[in-house]
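Given next are the chains, with one letter for each unit.
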Amino acid sequence: MVKRIGVLTSGGDAPGMNAAIRAVTRVATNIGIEVYGIYDGYRGMVEGKIQPLTRRDVSDILDRGGTMLGSARLPEFKSLEVREKAVEQLKKFGIEAVVVIGGDGSYRGALALTEMGINCIGLPGTIDNDISSTDETIGFNTALTTIVDAVDKLRDTSSSHHRCSVVEVMGNRCGDLALFAGISTGAEIVITSETGFDEGEVLDRLREFDVVKKKNHALVIISEKITDVEVFARKVSQHTGFSGRATILGHVQRGGSPVPADRILASRMGEKAVDLLMQGIGGQCVGTQSGNIVGVPIEEALNMPAKSRKELQNLFDRLV
C-alpha cells in the first residue's frame, strides 16, 4: 500500500483548490498515509520544493481562495529530461504517488508521470469549466458568482444612463462563464467562441433593443480574446443609441472565498483521489457526472469532445 503521497496545484489558480488540498491531506492522514505538499506546481517538483503537510497545516484554509501551495507554469515539463529530474526529487522524498490539481495541461503532466512509474490522479481545478470529463470544475461556481455580482452592479448604473455595458469574462476556449452569466444576469447578448462574433450583426441587434424594444440599457457579455472590447464599446456609442462602456473583469474572477458548492465539490474530489491511489490506480482524473464522483482515464478525458451547450444556448435565446 502507498505510504506517502504528494499534492500540488498547477496552472491558473481556482477558488476551492485549498479545499481540495485539505481534503487530500485529511483523508490520507486519517488512514495513516503521509502527505507532502509540492510547492509551485511542477516547477517546485523539479526544484525539490517539497515539505510535509499535517492536519494542522491545512486547518483554516477551507474558505481561502487561491492556493496555499502556490502555482507556476512549466512548459519544459514536456521534456523527458525535466520529468526525470522531477521523478528523482519525488523518490528522494519517498513520494510514491501524487494528486495533481489543475487543468488539462496539468493532466498531461500527471499522465506522463504515471507512465514513468509515479501514479498520479488529476483533479479539475480551473474556473473555465473547460474539462469535458466532468460536469463541473473546482472554482467554476465561485468565478460565476463573482461575475454575476459584478454584472448586477453594472446593470444598476447602466440603466440610469442609457448605457450598453460590454463585459469581458474569462474562458476563451470554453464559453461557459459567459453563457451561464448571461442567463443569470438577463444579458441581451452573449458572445463566445461557440457563438462566433459578427460585429455588424451585434450592432444591429443593439439598435433593435434601443429603437424597437425601447430598452433603457443593454448588457453584452463576451468571452476573452474574441475582440478588443474597448474598441467595440466605442463602436456601440458611434452606431447605436446606447453609450457603450467596456468592463474587463480580469483576474478578479479567480479570487475570493470559494462558494459552498466549490468547497463541497473539492472535498469530494479530494477524497476520491486518495481512494483511487490507495487502490493502486494512477493515470486517472476525478470528475462529477450526473452528481456522482467518478474516475476517468486521463487519456480518455483529454480526447473527449467539448461539452454541448445547445440546450442552454437555446434557453438564453428564448429568454431575450
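The model shown is predicted, which means the values in this text are computed figures rather than measured ones.

Note: most residues except glycine have negative phi, and most peptide bonds are trans. One non-glycine residue, aspartate 40, lies in positive phi territory at about 65°. The topology assignment puts aspartate 40 in the loop between β2 (34–38) and α2 (41–47). Even without being a glycine, asparagine 129 presents a positive backbone phi close to 60°. The residue asparagine 129 is located in the loop between β5 (119–124) and α5 (140–158) in this model.

This next bit is on the UniProt feature "binding site: ADP" (unreviewed entry) in the chain. Here the UniProt-annotated "binding site: ADP" (unreviewed entry) positions come out as Arg22, Ala23, Val24, Thr25, Arg26, Arg155, Gly186, Ala187, Glu188, Lys215, Asn216 and His217. Sequence-wise these annotated residues cover 196 residues; spatially they are dispersed, their C-alpha atoms as much as 53.1 Å apart. On the secondary structure map, valine 24 appears in helix α1 (residues 17–29). Residue classification places valine 24 among the buried positions, given a relative accessible area of 0%. Once you skip the residues sitting within four places of it in the chain, valine 24 turns out to touch Ile5, Val7, Val35, Val99, Gly270 and Val274. Positionally, arginine 155 belongs in helix α5. The exposure class assigned to arginine 155 is buried, which follows from its relative accessible area of 18%.

Moving on, we get to helix α7 (residues 199–211). Over its 13 residues, α7 extends 18 Å from the first C-alpha to the last, a length consistent with the 18 Å expected when each residue adds 1.5 Å. Along α7, the residues classified as buried are Val202, Leu203, Leu206, Phe209 and Asp210. Looking down the long axis of α7, one finds its buried residues gathered within 115° of arc, a one-sided arrangement. Tucked into the core, α7 has its buried residues touching β6 (163–169), β7 (189–191), β8 (218–223) and α8 (229–239).

One pass over the structure, following the stated rule, counts 4 aromatic pairs. Aromatic pair tyrosine 42 and phenylalanine 77: ring centres 4.2 Å apart, planes at 25°, arrangement stacked. Here the residue tyrosine 42 occupies a position in helix α2, and phenylalanine 77 occupies one in the loop between β3 (50–53) and α3 (80–92), the gap between them amounting to 35 residues. Pair check on accessibility: tyrosine 42 and phenylalanine 77 agree, each one buried.

Here we come to the nonpolar core. Ile5, Val7, Leu123 and Leu177 are the most contacted members of the largest nonpolar core, which totals 53 residues. Both domain 1 (4–139 + 258–304) and domain 2 (141–255) contribute no fewer than three residues apiece to this core. Not counting the four nearest positions on each side in its chain, leucine 177 is found in contact with Ile127, Asp128, Phe140, Ala143, Leu144, Ile147, Val169, Met170 and Gln253.

With that settled, the discussion passes to the sheet that holds strand β11 (residues 292–297). Consider a sheet: its strands pair through backbone hydrogen bonds, and that pairing is either parallel or antiparallel. As summarised here, the arrangement of the 7 strands in space is β3-β2-β1-β4-β5-β10-β11, forming an open sheet in which the pairing is mixed. Since the sheet does not close on itself, it has two edges, and those belong to β3 and β11, each with one partner. Adjacent strand axes in the sheet meet at a mean angle of 30° when their direction is disregarded. In terms of strand pairing, β2 meets β3 through 4 bridges, oriented antiparallel. Considered in β3, the bridge of valine 35 is made with leucine 53. Its contacts with the sheet put α1 on β1 (4–9), β2, β3, β4 (97–102) and β5, and the angle it makes with β1 is roughly 175°. Strand contacts of helix α4 (residues 104–115): β4, β5 and β10 (284–289), with the helix running at about 165° to β5, the strand carrying the most contacts.

Moving on, we come to the pattern of salt bridges. Between side chains of opposite charge, a pair can form when the charged atoms approach closely. According to the stated counting rule, one finds 10 salt bridges in the structure shown. Linking aspartate 104 and arginine 173 is a salt bridge whose minimum nitrogen-to-oxygen distance equals 3.3 Å. Remark: arginine 173 occurs in the loop between β6 and α6 (176–185) and aspartate 104 occurs in helix α4; sequence separation between them is 69 residues. Judged by its relative accessible area of 60%, arginine 173 is exposed. Where arginine 309 meets aspartate 176, a salt bridge forms, and the shortest distance between an N and an O atom there is 2.7 Å. Of this pair, arginine 309 sits in the loop between α10 (298–302) and α11 (310–319) while aspartate 176 sits in helix α6, and the two are 133 residues apart along the sequence. By relative accessible area, arginine 309 is classed as partly exposed at 22%.

Attention now moves to the UniProt feature "domain: Phosphofructokinase" (unreviewed entry) in the chain. The UniProt feature table records "domain: Phosphofructokinase" (unreviewed entry) at residues 4–277. As annotated, residues 4–277 comprises 42% helix and 18% strand, and the C-alpha atoms at either end are separated by 10 Å.

It is worth spelling out the domain arrangement of the chain at this point. For the chain, the domain assignment lists domain 1 (4–139 + 258–304) and domain 2 (141–255). Using only C-alpha atoms to locate each centre, domain 1 and domain 2 end up separated by 34 Å. Taken together, the contacts link 14 residues of domain 1 with 13 residues of domain 2. It is Ile127, Asp128 and Val259 that lose the most area in domain 1 upon contact with domain 2, and together they represent 40% of the buried surface on that side.

Conventions and cut-offs
Residues numbered from 1 in each chain as written. Predicted model: local features only at pLDDT ≥ 70, side-chain atom pairs only at ≥ 80, totals over all residues. Heavy atoms only, no water. Helix = DSSP H or I, 4+ residues; strand = E, 2+ residues; numbered from the N terminus. UniProt positions renumbered as here; feature names shortened; annotations may be inferred. Buried < 20%, exposed > 50% of the residue type's maximum accessible area, 1.4 Å probe, protein only. Contact = heavy atoms within 4.5 Å. Expected span 1.5 Å × (residues − 1). Arc of directions from axis to C-beta. Phe/Tyr/Trp six-rings, centres within 6.5 Å; stacked < 30°, edge-to-face > 60°. Core = buried A, V, L, I, M, F, W, Y, C linked by side-chain atoms within 4.5 Å. Domains from an automatic or database assignment. Pairing = 2+ DSSP bridges. Axes fitted to C-alpha atoms, helices over the stretch in contact; angles between N-to-C directions. Salt bridge = Lys/Arg side-chain N within 4 Å of Asp/Glu carboxyl O. Buried area = accessible area lost by both parts, 1.4 Å probe.

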